[in-house]
Amino acid sequence: MSAWFVENGMLLGLATLDGVSSAASVFMVAVGLNLVFGVLRVLNVAHGSLYAIGGYAAASTSLFLLARGMPAWAALPLLLVSSAIVGGILGPPIERLLRLMQGQEEVLQLLVTFALFMILEDGQKLVWGVRPVVSDAPVKVLGTIEVPFGSDAIPFTAYQLLVLPGVALLTLAVLAFVLRRTLFGRMIVAVTVDREAARAMGIDAGRVTLLTFSAGAALAALGGALASPTTSLVPGIGASTIVLSFAVVATAGLGQIEGAALSAFMIGLGRSLAVYFAPELEVVVPYLIMVAVLLVRPQGLFGTLEARRI
Amino acid sequence: MLRLEGACADIAGVRVLREVSFSVPPGGRVALVGRNGAGKTTTLRALMGLVPLCAGSVAIDGQECGRLPAHGRARLGVGYAPEERKLFGSFTVRDNMLLPAEVLGLPKRESLRRLDAVFELLPELRDLAPRKAAGLSGGQGKMVALGRAMMVGTRAILLDEPLQGLAPALALRYVEALGRLRSALPDVAILVTESSPALLRRLVDTTFVIERGEISAA
């Protein structure tokens, strides 16, 4: 066993790092999907497009500005700024459209949001083309950190080691704080639990939904922006991300913020371990984890069953 | 205080209210009595703006509410306790009660003063205050919903079948609490729905009967 560890330690370390960084960006998407489903009760397939567009927007603005003399370090805060802009611009019109789907049949909701997803995907191809876009300035500017491992040392990029998990944990903490400790958070919870009761309490449910949706959209865009420096952006990343974040949300249980973080970590780690040790299983591992969890706990790891009415 | 004029409402294509007209004066105590499905809940929801009217009008405090969304009506001083209680389970009882006051942007001191005033009238809520709403019994939940409606119901309080499903002893306690309300809040209009009028008889001064969405004075 220990001999195996020494032999494969380097790989294990790299796999863990990859797992953590992909978990971080999938978490951002999944947590936004969760919030949006909560207030809107529409499962938004087009949420994945926001991830893709967030990634493309961050990469292309950073390439554009770097070519015009922006200092390299500024590529980091630019990830945040461009995501907020994507969420702010695309969030409201999409929310307006999806609001029409509220209370409609679920099949119809899925079809409409899927159609929207395809429209956005084609829009994204029109703007950014189909050739890979690469912008790794944020990774380069932070350099690498050598983590000692036995007699060896593994070079990790500081971006993947610190920035990605750091931003994800910060997002988790901010969301938990807002939802539990602030009035606006209580309003989001109230609208999620019972829209009509919330409105009768004087809560402007439409406004809460719009703001929550835009925040969720910005989180998805930030997920894409954060992932963009470590990967090359190609058509189709939106689709693979939304499917993966569905798996995360289903594994955690709907409405679970901390649960989504943990299940994103499990799934991200499972997937990257597969990449290194059993590459042929990479695609299926997230869903194997999901199926295994749902077989035992159909409500998800942290979900609660609906309280039985007395 | 509250006035419905020729109100019609459809739910899923079925007419549920047919030209409902009645009013509750300031300080009035009115019961709306009818069988299940007669339109009692829909009448209250129409007053709150939670179902759209296809004809007729709603006025609160003399103000026409045709286009006023539900959240604006709470702002006019109308507190509403829905039949299903609809408490927010992950919040404490205290937070449930404070929520509408905070949403309306009342100063903290005023919210706490009102909370205290509610505790005076419904003392059992003081003990329940720190508990999570999800763990309450049906009767306790109804009492909390009443307290929550009182937090913002400075002009009118709407109670939807508050006695429904309560054990007789609890129902009596609830009726006693309503009796205290009657003397403590003389200016607040109270509209209660119920399927059997017996329990409310000594609490209300007017009873309307609703039958298949149509109203008749009893």
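Quantities reported herein were computed from a predicted structural model and do not represent experimental measurements.

1. Some remarks on the overall build of chain B
The helix and strand inventory of chain B stands at 7 helices and 10 strands. Computed over the C-alpha atoms, the radius of gyration of chain B is 16 Å, within 12% of the 17 Å expected from 2.2 N^0.38 for a compact globule of 218 residues. With the C-alpha coordinates of chain B rotated into their principal frame, the extents come out at 45 × 40 × 35 Å. In chain B, buried positions account for 48% of the 218 residues.

2. A word on the packing of helix H4 (residues 108-121) of chain B against helix H6 (residues 138-152) of chain B
Residues and elements named next belong to chain B. Taken N-terminus to C-terminus, the directions of H4 and H6 make an angle of 135 degrees; their axes are 9 Å apart at the nearest point. The angle between H4 and H6 places the two elements in the oblique class. The handedness of the crossing between H4 and H6 comes out as right-handed. The residues of H6 that touch H4, namely those facing Arg114, Leu115 and Val118, are Gly147, Met150 and Met151. Tallied by class, residues from the contact of H4 with H6 come to 4 nonpolar, 1 polar and 1 charged.

3. Details of the pairing of strand E6 (residues 78-81) of chain B
Two faces belong to every sheet, and in a regular strand the side chains alternate between them. All names here are of chain B. Because side chains alternate across E6, one face comprises the buried residues Val78 and Tyr80, and the other comprises Gly79 and Ala81, equally buried. Direction of pairing for E6 relative to strand E7 (residues 156-159): parallel, over a ladder of 4 bridges. Directly across from alanine 81, in E7, lies its bridge partner leucine 159.

4. A short note on the interface of chain B and chain A
Counting from both sides, the interface comprises 20 residues of chain B and, opposite them, 17 residues of chain A. Those elements that place two or more of their residues in the side of chain B that touches chain A are helix H2 (70-75), helix H3 (93-103) and H6 of chain B.

5. Here's the deal with the confidence of the model for chain B
Counting all residues, the mean pLDDT for chain B is 90, and 99% of those residues have values of 70 or more. Scored as a complex, the prediction yields pTM 0.90 and ipTM 0.91.

6. Let's talk about the pairing of strand E3 (residues 29-33) of chain B
Residue and element names in this part refer to chain B. Burial analysis of E3 places 5 of its 5 residues in the buried class, the great majority of the element. Alternating positions in E3 separate into two faces, Arg29, Ala31 and Val33 on one and Val30 and Leu32 on the other, with burial throughout. Bridge count for E3 against strand E8 (residues 189-194) is 5 bridges, and the pairing is parallel. Paired with valine 30 across the strands is leucine 191, a residue of E8. Note that E3 and strand E9 (residues 206-211) share 4 bridges and pair parallel. Within E9, the position partnered with alanine 31 by the bridge is threonine 207.

7. Section: helix H4 (residues 106-128) of chain A
Residue and element names in this part refer to chain A. Helix length check: H4, at 23 residues, gives a terminal C-alpha distance of 32 Å against a target of 33 Å (1.5 Å per residue), a fit within 8%. When we look at burial in H4, the residues that qualify are Gln109, Thr113, Phe117, Glu121, Gln124 and Trp128. Looking at the buried positions of H4, the neighbouring elements they touch are helix H2 (47-67), helix H3 (75-99) and helix H10 (237-252). Directly after H4, the chain includes glycine 129, whose backbone phi takes a positive value near 70 degrees.

8. Let's talk about unusual backbone geometry
Residue and element names in this part refer to chain B. The phi dihedral of aspartate 61 is positive, around 55 degrees, even though this residue is not glycine. Within the element layout of this structure, aspartate 61 appears in the loop between strand E4 (55-60) and strand E5 (63-64). The residue arginine 212 is not glycine, and still its phi comes out positive at about 45 degrees.

9. So, the nonpolar core
Proteins that are soluble and globular tend to have nonpolar side chains buried together. A:Phe27 and B:Leu158 are the most contacted members of the largest nonpolar core, which totals 156 residues. Apart from the residues lying within four places of it in its own chain, the contact partners of A:Phe27 are A:Ala168, A:Ala260, A:Ala261 and A:Ala264.

10. What to know about helix H1 (residues 40-48) of chain B
Residues and elements named next belong to chain B. Counting buried residues along H1, 9 of its 9 residues qualify, which places the element largely inside the surrounding structure. All buried positions along H1 are accounted for by Lys40, Thr41, Thr42, Thr43, Leu44, Arg45, Ala46, Leu47 and Met48. Two residues or fewer past H1, glycine 49 is found with a positive phi of approximately 80 degrees.

11. Topic: the sheet that holds strand E1 (residues 2-11) of chain B
Residues and elements named next belong to chain B. If you trace the 4 strands from one edge of the open sheet to the other, you get E2-E1-E4-E5, paired in antiparallel fashion. Where the open sheet ends on each side, the last strands, each with one partner, are strand E2 (14-24) and E5. Of the pairings in the sheet, the one linking E1 to E4 comprises 5 bridges and is antiparallel in character. Residue pairing across strands places cysteine 8 opposite alanine 55, the latter belonging to E4. Packing of H1 onto the sheet brings it into contact with E1, E2 and E4, and relative to E1 it is tilted by some 115 degrees.

12. Some thoughts on the environment of A:Thr144
All names here are of chain A. Residue placement: threonine 144 occurs in strand E1 (residues 144-149). Taking the number of C-beta atoms within 10 Å as the measure of exposure, threonine 144 has 15 and is therefore partly exposed. Distance in space between the C-alpha atoms of threonine 144 and threonine 157 is 4.1 Å, their sequence separation being 13 residues. Residues in contact with threonine 144, not counting those within four places in the same chain, are Pro155, Phe156, Thr157 and Ala158.

13. Notes on the packing of H3(B) against H4(B)
All names here are of chain B. At a minimum axis distance of 10 Å, the contact between H3 and H4 shows a crossing angle of 140 degrees. By the angle between their directions, the pair H3 and H4 is classed as oblique. Relative to H4, the crossing made by H3 is right-handed. Residues Met97, Leu98, Ala101 and Glu102 of H3 touch H4, and the partners they reach there are Ser111, Arg114, Leu115 and Val118. Classifying every residue of the contact of H3 with H4 by side-chain character gives 5 nonpolar, 1 polar and 2 charged.

Conventions used here
Residues numbered from 1 in each chain as written. Chains lettered and ligands numbered in written order. Predicted model: local features only at pLDDT ≥ 70, side-chain atom pairs only at ≥ 80, totals over all residues. Helix = DSSP H or I, 4+ residues; strand = E, 2+ residues; numbered from the N terminus. Rg over C-alpha atoms; globule rule 2.2 N^0.38 Å. Buried ≥ 20, exposed ≤ 12 C-beta atoms within 10 Å, placed from the backbone. Axes fitted to C-alpha atoms, helices over the stretch in contact; angles between N-to-C directions. Parallel < 35°, antiparallel > 145°, perpendicular 65-115°, else oblique. Left-handed = near helix turned anticlockwise from the far one by under 90°. Contact = placed C-beta atoms within 7 Å. Nonpolar A, V, L, I, M, F, W, Y, C, P; charged D, E, K, R; others polar. Pairing = 2+ DSSP bridges. pLDDT = per-residue confidence, 0-100. Expected span 1.5 Å × (residues − 1). Core = buried A, V, L, I, M, F, W, Y, C linked by C-beta atoms within 7 Å.

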